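# A look at the structure
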Amino acid sequence: MPRSPVKTGLRDQRNRAQLRGKLDKQHSSSTLSPKQEMVLWLEKNIEISDVAEAEKIDLKIFLQDTVHIDMLPQERLKQLAIFLEPELSWSYRAWLALDRVYKTALSITPDDHFVHHSRAISAQETAECLEEINARKVWNTAWRSAYKAQTLAPTDAHVQYTLGSLCYRDKSHSVEEALQHFEAVLAEDKEHQWALLYRAHCLHDLEKWVEAYRAYSQVKASFFTSFRAWRYELLLEQKAYCLWKSGDLRGATLEFKRLLVRWSADPGLAKDLLGQYIVEAATGSLSKELWADLSELVEREQWDWLDNIPIHTSA
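Here, residues in each chain are numbered from 1, in the same order as that chain's written sequence. It should be noted that, the model being predicted, local features are given only for residues of pLDDT at least 70 and side-chain atom pairs only at 80 or more, the latter also being counted only at that level, while totals for whole chains, interfaces and linings use all residues. Remark: hydrogens and water are excluded; side-chain values derive from all non-hydrogen atoms of the structure.

This part covers the overall build of the chain. The secondary structure content of the chain amounts to 15 helices and 0 strands. Taking all 315 residues of the chain together, the buried fraction comes to 51%. By definition, residues are in contact when any of their heavy atoms lie within 4.5 Å. Within the chain, contacts between residues separated by at least 24 positions form 64% of all contacts whose residues are at least 6 apart in sequence. We get accessible surface area from the Shrake-Rupley algorithm with a probe of 1.4 Å; when it comes to residues, only the shown protein chains can shield them. Counting only carbon and sulfur atoms, one obtains 51% of the accessible surface of the chain, whose full area is about 15400 Å². Put simply, DSSP marks the helices as runs of H or I at least four residues long and the strands as runs of E at least two long, and each gets a number from the N terminus on. We call a residue buried when its accessible area falls under 20% of the maximum for its residue type, exposed when it is over 50%, and partly exposed in between, using a 1.4 Å probe and counting protein chains only.

Printed below as a string of structure tokens:
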């Protein structure tokens, strides 16, 4: 079963670089956590414009310069890798520069499951950006790192989740495999919001519409704050779509209409979406119910996804 084109945004899951730009206000505060202090130090002292600069970072000097931060050396290196990842996940050479940091951390403590876990996530992010010949090498690193983390911490729900994420995003594996991992996470932690969300995505992709609707309904709206806010709009759209595909036309119409009213009142909520689900319904069997309201937004808003809506008139 092909995967739906669902935005993934895995960097959200460990707040990669989300403290950037937010710590200056707290600079004089004595309540910074070691992680916040580390991010603040990185923001002030590390800046790269190309891969060559990343390759030249002296990791021994980095450890010396950050020794005052109350973190183990391998954790400081892990935080450096997370900080660099957004700039070093677009080419194989960049991946090698990033992985040098992880390998240095593991040379200090080979059995730190947190470092293996973080390396797996970084490798996954990079593999999705590469051509197949190099992508497979990096996928293999992601899998090895994730399995090693699982061996070292078999009850860590976050590691189990990452294995599910790898299955979901690596096309050599299946949605069914991913679903098994997400359900294993929820067996240990029924409130794991990422696992709840991606369990719903799996059921959606498998066209188990009623189950998918129920699964989406279990994800807490309060989870979608700040940089995750767009995900709540997507979830609402997917819930309505699942009702439509299950044959509940009345329920789907009500939910889609609520969404259009919501977006009309606050257009910024929809600007980062793809809109494929509501467009499919509004140009399909729910045309009569939805097209007039959607076309009004087409005329008024400048969302990128509106450019892809086919010329259509309601029946």
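Next comes the rest of the write-up.
Turning to the environment of Cys-167, a few remarks are in order. Residue placement: Cys-167 occurs in helix H8 (residues 157–169). Judged by its relative accessible area of 2%, Cys-167 is buried. Along the primary structure Cys-167 and Gln-180 are separated by 13 residues, whereas in three dimensions their C-alpha atoms are 9.7 Å apart.

Time to look at the packing of H8 against helix H9 (residues 175–188). Between H8 and H9, the shortest axis-to-axis distance is 7 Å and the interhelical angle comes to 165°. Classified by the angle their axes make, H8 and H9 are roughly antiparallel. Handedness of the H8/H9 crossing: left-handed. The segment H8 lies against H9, with Ala-157, Gln-160, Tyr-161, Leu-163, Gly-164, Ser-165, Cys-167 and Tyr-168 engaging Glu-177, Ala-178, His-181, Phe-182, Ala-184 and Val-185. Across the contact of H8 with H9, the residue classes tally to 9 nonpolar, 4 polar and 1 charged. Axes here mean lines fitted to C-alpha atoms, for a helix over just the part in contact, with angles spanning 0 to 180 degrees between N-to-C directions. Should an angle fall under 35 degrees it is called roughly parallel, over 145 degrees roughly antiparallel, and 65 to 115 degrees roughly perpendicular, with every other angle called oblique. The handedness criterion is simple: a crossing whose near helix is rotated anticlockwise from the far helix by less than a right angle is left-handed, and one whose near helix is rotated clockwise is right-handed. In this count, Pro and Cys sit with the nonpolar residues alongside Ala, Val, Leu, Ile, Met, Phe, Trp and Tyr, while Asp, Glu, Lys and Arg are called charged and the others, Gly among them, polar.

With that settled, consider unusual backbone geometry. Of note in this structure, Glu-207 is not a glycine but carries a positive phi near 60°. Of note, Glu-207 is situated in the loop between helix H10 (193–205) and helix H11 (209–217).

The next thing to look at is a negative patch on the surface. Together, Glu-43, Glu-47, Asp-50 and Glu-53 line one region of the surface with negative charge. Considering the arrangement of structural elements, one finds Glu-43 in helix H1 (residues 34–45). Look at Glu-43 and you get partly exposed, because its relative accessible area is 38%. Patch construction takes residues with relative accessible area above 30% that form no salt bridge. Like charges are linked within 9 Å, and nonpolar side chains (Val, Leu, Ile, Met, Phe, Trp, Tyr) are linked within 5 Å. When a carboxyl oxygen of Asp or Glu lies within 4 Å of a side-chain nitrogen of Lys or Arg, that pair is called a salt bridge. In this tally Asp and Glu are treated as negative and Lys and Arg as positive; neither His nor the chain ends contributes. By convention, the point assigned to a charge is CZ for Arg, NZ for Lys, CD for Glu and CG for Asp.

Let us look at the confidence of the model for the chain. The pLDDT value tells you how sure the predictor is about a given residue, anywhere from 0 up to 100. For the chain, per-residue confidence averages 88 on the pLDDT scale, and 88% of positions sit at 70 or higher. When pLDDT is averaged over each helix and strand of the chain, the minimum, 86, is found for helix H15 (residues 287–300) and the maximum, 98, for H11. Throughout residues 4–11 the model reports pLDDT below 50, and contacts reaching past four residues in sequence, or to other chains, amount to 34 contacts. This model gives residues 13–29 a pLDDT under 50, and the stretch forms 38 contacts once residues within four places in sequence are excluded.

The next thing to look at is the packing of aromatic side chains. Planes of paired rings set the category: under 30 degrees apart is stacked, over 60 is edge-to-face and the rest tilted, where pairs are Phe, Tyr or Trp rings (Trp by its six-membered ring) whose centres lie within 6.5 Å. Under the criterion given, the structure shown has 13 aromatic pairs. Between the aromatic rings of Trp-194 and Phe-223, the centroid separation amounts to 5.1 Å while the plane-to-plane angle is 80°, which identifies the pairing as edge-to-face. Pair noted here: Trp-194 is in helix H10 and Phe-223 is in the loop between H11 and helix H12 (229–246), with a separation of 29 residues, a long-range link. For the residue pair Trp-194 and Phe-223, the accessibility class agrees, reading buried in each case. One aromatic cluster is present, formed by Tyr-161, Tyr-168, Phe-182 and Tyr-198 through successive ring pairs. Above the plane of the ring of Phe-223 lies Arg-228, whose end atom (NZ or CZ) is 4.4 Å from the centre. We call a charge positioned over a ring when the NZ of a Lys or the CZ of an Arg lies within 6 Å of the ring centre and within 35 degrees of the ring normal.

This part is about the side chain of Gln-74. Inspection of the secondary structure assignment puts Gln-74 in helix H4 (residues 73–84). Two N or O atoms form a polar contact when they lie within 3.5 Å of each other; inside protein one atom must be a possible hydrogen donor and the other a possible acceptor, and for residues adjacent in sequence the pair counts only when both atoms belong to side chains. In terms of polar contacts, Gln-74 uses its side chain to reach the side chain of Thr-109, at 3.4 Å. For Gln-74, the residues in contact, after removing those within four places along its chain, are Ala-105, Ile-108, Thr-109, Asp-112 and Val-115.

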